[in-house]
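Topology and contacts: notes
These are the residues of each chain, in order.
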Amino acid sequence: MAAATAGSGAGSGAAGSPEATGGSTGGGGWRRPHGPLQRYYGPSTAEAAEAPPDPTDINGPHFDPEVFMTKVRSECPLGQLLAREAALSREIRALDSDMQTLLYENYNKFISATDTIRKMKVDFRHMEAEMDDLAANMAAISASSARVSAALQDRHRRGAQLAGVQALLRKLQALVEVPGRLRRWAGTEPARALRCHARARAVLRHYRHLPSFRAIEDESHAIMAELAQRLRTRLREETLDPKELTECVEMLLQLEEPAEELSEEFLSQAGARLEAELAALEAELPAADLSGTATTPLPPASDILDFVDRGSSAFVGTLCQLAGSYRALFGGDTGRLEPFAAALATRYFALLERRLSLERGLGDTSLLTFFLGCLGDVRQALAAPRPPGKEGPGLPDLLATLAASVLGQLKAVLAYVQLFTARDVAFASLPYFKGEFCVTAVREGLVVAFVRWLCRTARGFADGPAERGAPAAPPALLLLLARLCLDYENSTISYILTLTDEQFPPQDSGPAVTPGPALCAEARAAAQRLLDHYVQVQGAAVAQMLRKSVETRDWLGTVEPRNVRAVMKRVVEDITAIDVQVGQLFEEGVRRAQSSDSSRRAFSVYSSSRAPGRYAPSYTPSAPMDTHLLSNIQKLFSERIDIFSPVEFNKVSVLTGIIKISLKTLLECVRLRTLGRFGLQQVQVDGHYLQLYLWRFASDERVVQGLLDEVAASAAHRCLDPVPMEHSVVELICERG
Amino acid sequence: MEDDAPVIYGLEFQARALTPQTAETDAIRFLVGTQSLRYDNQIHIIDFDDENNIINKNVLLHQVGEIWHISTSPADKGVLATCYNKTSDTKVMTCAAVWRMPKELESGSHESPDDSSSNTQTLELLCHLDNTAHGNMACVMWEPMGDGKKIISLADNNILLWDLQESSAKAVLSSSTALEGKGQLKFTSGRWSPHHNCTQIATANDTTVRGWDTRSMRQIYCIENAHGQLVRDLDFNPNKQYYLASCGDDCKVKFWDTRNVTEPVKTLEEHSHWVWNVRYNHSHDQLILTGSSDSRVILSNMVSISSEPFGHMVDDDELSDQEDQHQEEKISVYRPFRIKEPLQDSVIATYEEHEDSVYAVEWSSADPWLFASLSYDGRLVINRVPRALKYHILL
C-alpha cells in the first residue's frame, strides 16, 4: 500500500513537471502533488498545529538549518557533535538506499504494466475480425429459418382446422347423447342430471333454430320437466328431513323454477315440520287452564331441564338449520323469513314460559316486588299510630327483619337459578352457556343489578321529595335505609358476592365483572345521601318551627320574659327524640373535648354575666367600630361552619348537623327583625335555654356556643334599647322552665 | 396578575342593601345602604377606579331609618329609591321613598376622599311612596330600560305600580293588585323583566314564584313550591326572554323556563346555607353570581342554558384574517367554526373574602366583568371575573 501510493505520487509528480504545466507558477505545480505524500509521511497537520513551530526540530516542517546549526554548535560538546554527525550521515545513507529500492521497484512495475497494455491491444484487433464473421452467420441462419416457417405454415393451418372440427364433433356427440344421459340419471341421480343439463342448456338454446338441435332440446326439456315434477312431489312429502328439503329446493332452483314460489313452498314445509316439533313439546304440557281456577296440574311428564334440553336441541336446532339454508338458497332477502322465524320463536318461548310457570311452586318470587313489599311493611309499621305508653317495634328490629328477609329471598332465588347449572343438564355443560350464564345472567344480571337497584331505590327516597307534591318519606325510613345501605357496604355486599361466586364460579375468560368495591362505593354513596337528606329534613322541620316563631312574634311590644318560649321547649324535645331515633341505629361517635365541657360552659356563662352584655361597647357612641373589631377577631379564631354539610355515620355528627341548621336559621331570622328591650331579653333567655340542653348532643359544643353567641350579638344589634337581662335571672327562668 | 386580587371596603355599620348605579355606564359605581338602629344611616357611594384599583367613597346621610332595599333609576343617575324601617317604640313600619342625591355626587366627583366623611351631605327627598294602606315595603323596582317614570313596589301582599310625575316629585299610584290566599301572604322579593316590552314582573312569596302582567295586573304563571323552603331572590336572564333564576332557603339555585314551570331547567346546589341573592351578568348570561349566608359568593358558568350555548362562533372571514396574521397558527385554525372546548356548566370560583352572611351581590352596570358583594358586617368586596374565563368568552 505504501509502495503503491508512493509510486502513483512519483508518476504524477513526473507528469506535473514545470514544463508540462506550461508556464504556471512552478511552485504550485510541485506543491499540489506533494500534499498527499506529506500527509502520508509527514507529521499530521493537527500535530503541527498543536506544537508551536520549532525551527530546531529536524523532522519538523519549520526546520531552519541555520538556527539548528547555531543551536547545536553552541549547546553540545564536541563528542556529542561528532556522534551526532556520524548518526546523521548514517541516517542519510540509509534513506538514500531506501529511496533507490523504492524507485527501482516502481520502475519495474511501470515496465510490466506497459507490456500488458501492449499485449491487450494486439488481442483486441484479432477479436474484432471474429465478431464480424459471427454477425454474417447469424444473418444466414435467420433467413433460412424464415423460409422453413413459410413452407410449414399452410400445413399447420390445416392441422388446426381439423382439430377444431374434431372438437366440434365431440361436442355435438355429447349434445346428441344428452337426452339419453338425462334419462338415465333422472331417476337415480337427479343431481348429476341437473349438472349435465345445465352444461348443455346454453348451447341448445343458442342453436335452437336448427331443427336437429331443437329436437334434442325439446327432448331434454321434457325430461327435465318430468324431473321437476318428481322433485316437487317429493318436496310435498312429509318425511323429508331438513337436509333433504334443502337439496330438493336447491335442485328446483337450478331448474329455474320461480324462486318466490319455491321460498313459499320451502317455508310452509319447514313450518309444518317445526309445528310438529312444537306440538310434540306442547303435548308434554298440561292443557292450558281454561277453567280459570288454578288447579294444581298433574306433575309434568318430564323434568323441566329435560324439556328445555329437548326444546333447544330439537326445535331451536331445526329452526337454525332451516334459517341457514334459506339464506343460502334465496340470498340475503330475508323479508319473509324473519316474521316466520319470529312467530315460531315466540310460540316456542310462550311454551317455555308456560312450562316454567308450572315450576314456580312458590308464587311470585320477584326480588324487586318482594323488597318493595318489605319496605311498604316497614313504612306502615313506622306510620302506624302508636298507643301511648306502648312502644311500636324498635327501629333495630325493623332493620333486622328487613335485612334478613331480603337476604333470605335473594338466597332462595339463587337456589332456584342454580338448577340450571346442575351437572346432569346437557346444555349446562356448554362452555358458552355456562360462562355467560354465571357471569352475565346471575352475577351481573341478578345479584349486582339487585344491589344496584336497591341502592337506587333507597336514594330515590332522598331525591324523590324534590319532585314537588310527592309524599315525602318519613324521616325514620330514611334513617333506616341509610343504615341498611351502610350495612350493605360494610358486609352484606361482600357476603352476597362471595356466595354467588361460590355457587356460580365465574369462567376465567368470561366477561368483566363488576368488582365488589365499586358496588360498596355505590352503597356508601346512597347511605351518605340518605343520611344527609335525613339531617336536612329533620333540620328543616326544626328550623321551620323556629322561623315561624321568630317571624310571627311582635318583638317590639313583647312583655318582660317570664318563661322560656314554648317553641324552644318543643325544639329541645324534638331534638331529643331525634337523638333517640338516631341512637337506635347509629353508633355514638366521638365528641370533641368532652372532658372540659363543664368548665368552658362555666366560663362563657361567667364572662357574659360579669360584663352585662359582651356587646356593650357597641352602644357607646364613641366606638362604633369596636363591635366589628370584636366580632371580626372572634371570627378569625373560629372556623367557618358549613351549615348544610355532609355528616358522618354516627349519632353525634347527625345531631350536630341538625342543630347547626336550626341555630343558623334562628340567627338569620333574628337579623331580619327589630327587637325591643324585652324582645332581646326573651332571645337571651331562649338562647340560654337552648345552650343548656343542646350542647350535649353536638360533637363540639363550641359550635353551639358560637352560633348562640352570634344570635345574641345579632339580637343586640337589632335591638332598639339593648339592656340585657341579669344573668342570674336568665338562669333562674331557664331552670324553672 | 396581581390586580385580580379582590378589593375590600369596610363600612362602619351593618348593611344589606347594595345596588349598582344603573344609569351610569362609564364609571364603576355602587350604592350601599346601611342598617343601624341607633345612628343615622348612610348611603355610601362607592366609586371604583379600575385602573388604579382604588376605591373612592362619598357618604350621604339617610336619616329616616335603616335601609333594607335600595335601587337606582335606570334613566337618571341622581335618582334612587330606598325601602327603610321607620321605628317607633311600639311599631316598625317599612316605607319607601324616592330620593335625589346632590348634583356633584352623581358622577362621583369628590374633592378629597379623606375628609369626605366630615362633610356628609344629605339626600333630597323627592317623594314618598305612600303605603299606609298596603303594609311593609319589601322592595322597589324601576322599569328596566325605561325613562325612570315607572316603578313597582311590593308591600306585604300588594303589587303597586306608581307613576312618577313632575320630575319625580309626585308618585301617583296607577294600578295595584293584591295576592289573596289563606294565611298571611307576603312578597319577599321581585324582579321586573326586561323582555316583552317590560310588561312582566316576577315575585316571590314563601315557596312560590309568580309572574304578573303589569298591564292587566293579573297573574300569568305560578311556580308552586319552586323551592323546598322560602324563595329569597329572583332574576331574569337578560338575553333569553323566558328564563328566570331563583334561589332560596333550600341552598339551591334553580333556573326556570316560564313556559313550562313544572320542572326547573337546571338546579345548582353549591352553597351550604340559604342563598339570598342570584344575579345574571348583564351581557354574558352564562355568568351567574350567587351570595349566601354561608358567607360565600359563587360565580358559576351556566353555559348550557345561556344564550350562547355553543360559545362564540368565528366565521370564515374572520378566520382568514386571523390566518393572515398568524401564519404559524394556520394548522390549528383549519376548521369551519372554532368551537371551544366542550362547554360544561361549572363553578368558576368561590369567593371567601366575607366572614358574615352575604345578603347582596350585584354586577357593575359599567364593567361586565366586575361585581360587588356585601356582607352583613358591612364588608363590601369588589371582584372580577377571572381573566382566563373572560378571554375564553370574548375570543
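Predicted, not measured: the structure shown is a model, and the values here were computed from it.

**Brief notes about the UniProt feature "repeat: WD" (unreviewed entry) in chain B**
In this structure's numbering, the residues bearing the UniProt feature "repeat: WD" (unreviewed entry) are residues 224-260 of chain B. From the first C-alpha to the last, residues 224-260 of chain B spans 12 Å; its make-up is 0% helix and 46% strand.

**So, the packing of aromatic side chains**
All told, the structure shown has 14 aromatic pairs over all chains when counted by the stated rule. An angle of 45° between the planes, with centres 4.7 Å apart, marks the rings of Y689 of chain A and Y693 of chain A as tilted. One end of the pair, Y689 of chain A, and the other, Y693 of chain A, are both in helix α22 (residues 677-694), 4 residues apart, so they sit about a helical turn from each other. On the basis of relative accessibility, which here comes to 28%, the residue Y693 of chain A falls in the partly exposed class. Between Y351 of chain B and F371 of chain B the ring centres are 5.3 Å apart and the planes differ by 70°, which places this aromatic pair in the edge-to-face class. Taken together, the residues Y351 of chain B in strand β26 (residues 346-351) and F371 of chain B in strand β28 (residues 370-375) connect sequence positions 20 residues apart. In this pair, the class of Y351 of chain B matches that of F371 of chain B, namely buried. The side chain of R16 of chain B reaches across the aromatic face of Y359 of chain B, ending 4.0 Å from its centre. Stacked on the ring of Y243 of chain B, the Lys or Arg K240 of chain B has its end atom at 4.1 Å from the ring centre.

**Some thoughts on the packing of helix α9 (residues 242-254) of chain A against helix α10 (residues 259-284) of chain A**
Relative placement of two packed helices is described by the angle separating their axes and the distance separating the axes. Residues and elements named next belong to chain A. Following both chains from N to C, one finds α9 and α10 inclined at 170°, their axes separated by 11 Å at the closest point. Between α9 and α10, the interaxial angle falls into the category roughly antiparallel. Contacts from P242, L245, V249, L252 and L253 in α9 reach A259, L262, F266, Q269, A270 and R273 in α10. Of the residues contributing to the contact of α9 with α10, the split by class is 9 nonpolar, 1 polar and 1 charged.

**Focus: the sheet that holds strand β13 (residues 158-165) of chain B**
All names here are of chain B. With antiparallel pairing, 4 strands are arranged side by side in an open sheet as β11-β12-β13-β14. Both outer strands of the open sheet, β11 (137-142) and β14 (170-178), are each paired with one neighbouring strand and no more. Ignoring which end each strand starts from, the neighbouring axes of this sheet average 25° apart. By the bridge criterion, 5 bridges tie β11 to strand β12 (residues 150-155) in an arrangement that is antiparallel. Its bridge partner lying in β12, C139 is registered against L154.

About the cut-offs
Residues numbered from 1 in each chain as written. Chains lettered and ligands numbered in written order. Predicted model: local features only at pLDDT ≥ 70, side-chain atom pairs only at ≥ 80, totals over all residues. Heavy atoms only, no water. UniProt positions renumbered as here; feature names shortened; annotations may be inferred. Helix = DSSP H or I, 4+ residues; strand = E, 2+ residues; numbered from the N terminus. Phe/Tyr/Trp six-rings, centres within 6.5 Å; stacked < 30°, edge-to-face > 60°. Buried < 20%, exposed > 50% of the residue type's maximum accessible area, 1.4 Å probe, protein only. Lys NZ or Arg CZ within 6 Å of the ring centre and 35° of its normal. Axes fitted to C-alpha atoms, helices over the stretch in contact; angles between N-to-C directions. Parallel < 35°, antiparallel > 145°, perpendicular 65-115°, else oblique. Contact = heavy atoms within 4.5 Å. Nonpolar A, V, L, I, M, F, W, Y, C, P; charged D, E, K, R; others polar. Pairing = 2+ DSSP bridges.

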